[in-house]
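These are the residues of each chain, in order.
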Amino acid sequence: MELRTTDPDAAAAALADEYTDVTIQAPRGRRFVMELDAFPLPQLRYGQLIFSESRVLTRAYPSYNLCVPVGGSLLATADDVDDVVSGTDLVMISPGSRIDARYPLDGVVLRTVQFDADLALTELSALLGRCVATPPRFRFAMRPAASASIRRAVAILNDELRAATPIAGEPVLIDRLSRVIISALLLGQTHTYSAELQGRPYVEGPRTIRALVSRLEADPLAFATVGDLAAAAGLSVRALQDGFRRHLGVSPMRHLRQARLDRAHQALLAADPRAVTATAIAHAWGFAHYGRFAGEYRARFGVTPTQSLRRTRADEHR
């Protein structure tokens, strides 16, 4: 869905279709502009909004909505709490919240990610290692120090959806990236289960870590988030992270990423460059953002993915 309008009523109707019912108050004597670019995905809805000076008041949101400002600033109120949200902060709206957003200047750009409570419950249950029935309620605002990883994940989603060959047509990759974003929110943003996530004692031993490493390296595509790894080991996320750092010197997700890089390296060396691309192999091994994959690949193996792919072909001509 793409829309650019100077009519506040048309803008309100589009926002109601995409988010929830809203009222837009545009200043008199000034030209109002709103742009909306939305991508419906299997588990998420991604959107980008551009507002001119205005005030937007919403009814209760039916789902979770992550808002990431990438240009300009706004004053937002939720649940009677005022907070200035700038281009380095983000906002996490929980179901049932009503928002009063004031855009003081033209050209405010927001990226949004919506998802239902069922998806949050699934990821939270995996992270806690138990079934959770009540959806988490998030703190409204997140400051830059805590939001960096979430902003990067949303930026990857934006870039890939707008790429020449978007990953929107690849359900497995979209599913993994969706779960990474939600897992990052549950671990990085304060919510009603944060204390339980952070407070479990360290209970594992080296045998537990060794067993998980064997499973991880045998099938690195079997795991998408740190919650998956914790569930497979029968540990809390905190215990798993402590165990990996203590015994391996890296985080669980870093070790998983290295295992996938190794598998991608093997696949590139074995592939026929006439039949497959380096991008396709990166995607096959769970790397949604090719540019980041290529940088990590070169740092680990000293060559680019394309150079590894062509190496087999060059060897045939010797």
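Residues numbered from 1 in each chain as written. Predicted model: local features only at pLDDT ≥ 70, side-chain atom pairs only at ≥ 80, totals over all residues. Heavy atoms only, no water.

*Asks:* An account of the overall build of the protein chain is needed here, citing residue identities and associated values.
*Replies:* Scanning the protein chain from terminus to terminus reveals 12 helices and 12 strands. Relative to a compact globule of 318 residues, whose C-alpha radius of gyration would be 20 Å, the protein chain shows 22 Å and is just as compact. Overall size of the protein chain, expressed as C-alpha extent along the three principal axes, is 70 × 55 × 30 Å. Counting the 318 residues in the protein chain, one finds 48% classified as buried. The contacts of the protein chain with a sequence gap of at least 6 include a subset with a gap of at least 24, amounting to 74%. A distance of 7 Å separates the average location of the 38 positive side-chain charges in the protein chain from that of its 34 negative side-chain charges. (Helix = DSSP H or I, 4+ residues; strand = E, 2+ residues; numbered from the N terminus. Rg over C-alpha atoms; globule rule 2.2 N^0.38 Å. Buried < 20%, exposed > 50% of the residue type's maximum accessible area, 1.4 Å probe, protein only. Contact = heavy atoms within 4.5 Å. Lys, Arg positive; Asp, Glu negative; His and termini not counted. Charge placed at Lys NZ, Arg CZ, Asp CG, Glu CD.)

*Asks:* Describe in detail the confidence of the model for the protein chain, supporting the description with residues and values.
*Replies:* On average, residues of the protein chain score 87 in pLDDT, and 91% of them are at 70 or above. pLDDT under 50 marks residues 313-318. Its contacts with residues more than four places away, or in other chains, come to two contacts. (pLDDT = per-residue confidence, 0-100.)

*Asks:* How would you sum up helix α1 (residues 8-18)? Please name residues and give values.
*Replies:* Along α1, the residues classified as buried are Ala11, Ala12, Ala14, Leu15 and Glu18. Summarising the axial view, the buried residues of α1 lie within an arc of 165°, below the 170-degree limit, and thus occupy one face. Along α1, the residues that are exposed and aim more than 90 degrees away from the buried face are Asp9 and Asp17. (Arc of directions from axis to C-beta.)

*Asks:* Quick rundown of the pairing of strand β10 (residues 99-103)? Include the residues and the values.
*Replies:* Summarising burial for β10: four of the five residues are buried, a large majority. Here strand β5 (residues 54-58) pairs with β10 via four bridges, running antiparallel. When the bridges of β10 are listed, serine 54 appears paired with tyrosine 103. (Pairing = 2+ DSSP bridges.)

*Asks:* Give a description of empty space enclosed by the protein that names residues and reports values.
*Replies:* Any space left empty among the atoms is revealed by the rolling of a water-sized probe across them. Under the definition given, this model contains one cavity of 30 Å³ or more. The volume enclosed by the largest cavity comes to roughly 240 Å³. Lining the largest cavity are 22 residues; nearest its centre among them are Tyr61, Cys67, Ala101, Tyr103 and Leu110. Mapped by element, the contributors of at least two residues to the lining of the largest cavity are β4 (45-51), β5, β6 (64-71), β7 (74-78), β9 (90-93), β10 and β11 (108-115). Here the residues of the lining of the largest cavity sort into 19 nonpolar, three polar and no charged. (1 Å grid on protein atoms, 1.4 Å probe; cavity = no way out; pocket = protein on both sides within 12 Å on 5 of 7 lines; lining within 4 Å. Points joined across faces, edges and corners; volume = space filled by probe spheres on them. Nonpolar A, V, L, I, M, F, W, Y, C, P; charged D, E, K, R; others polar.)

*Asks:* Summarise the nonpolar core; cite the residues concerned and give the values.
*Replies:* Counting residues in each nonpolar core, the largest one holds 52 residues, and the members touching the most others are Leu44, Leu66, Phe115, Ile150, Leu157, Leu185 and Leu240. In contact with leucine 240, other than residues within four places in its own chain, are Ile209, Leu212, Val226, Leu229, Ala230, Ala233, Leu235 and Pro252. By size, the runner-up hydrophobic cluster in this structure holds 28 residues, among which are Phe32, Tyr61, Tyr103 and Phe140. (Core = buried A, V, L, I, M, F, W, Y, C linked by side-chain atoms within 4.5 Å.)

*Asks:* Describe the sheet that holds β9, and please don't skip the residues or the numbers.
*Replies:* Taking strand neighbours across the sheet as the criterion, the seven strands line up as β1-β3-β4-β11-β6-β9-β12 in an open arrangement whose pairing is antiparallel. The open sheet has two edge strands with one neighbour each: β1 (2-5) and β12 (141-142). Two elements, strand β3 (residues 34-40) and β4, share seven bridges in a ladder whose sense is antiparallel. Bridged to methionine 34 within β4 is phenylalanine 51.

*Asks:* So what's going on with helix α2 (residues 117-128)? Which residues, and what values?
*Replies:* Under the 1.5 Å per step criterion, the end-to-end length of α2 is 16 Å for 12 residues, consistent within 8% with the ideal 16 Å. Of all the 12 residues making up α2, nine are buried; the element is thus mostly covered by neighbouring parts of the structure. Taken as a whole, α2 has its buried residues at Leu119, Ala120, Leu121, Glu123, Leu124, Ser125, Ala126, Leu127 and Leu128. Backbone geometry just downstream of α2 places glycine 129 in the positive-phi region, at approximately 75°. (Expected span 1.5 Å × (residues − 1).)

*Asks:* Can you explain the side chain of arginine 179? Please cite residues and give values.
*Replies:* Within the secondary structure, arginine 179 is located in helix α4 (residues 171-188). Taking the relative accessible area as the measure of exposure, arginine 179 reaches 17% and is therefore buried. Residues contacting arginine 179, with those up to four places away along its chain left out, are Glu123, Ala224, Thr225 and Asp228.

*Asks:* So what's going on with the pairing of β7? Residues and values would help.
*Replies:* With four of its five residues buried, β7 lies for the most part within the structure. Both β7 and β10 contribute to a ladder of four bridges, which runs antiparallel. Bridging from a neighbouring strand, alanine 78 pairs with isoleucine 99 of β10.

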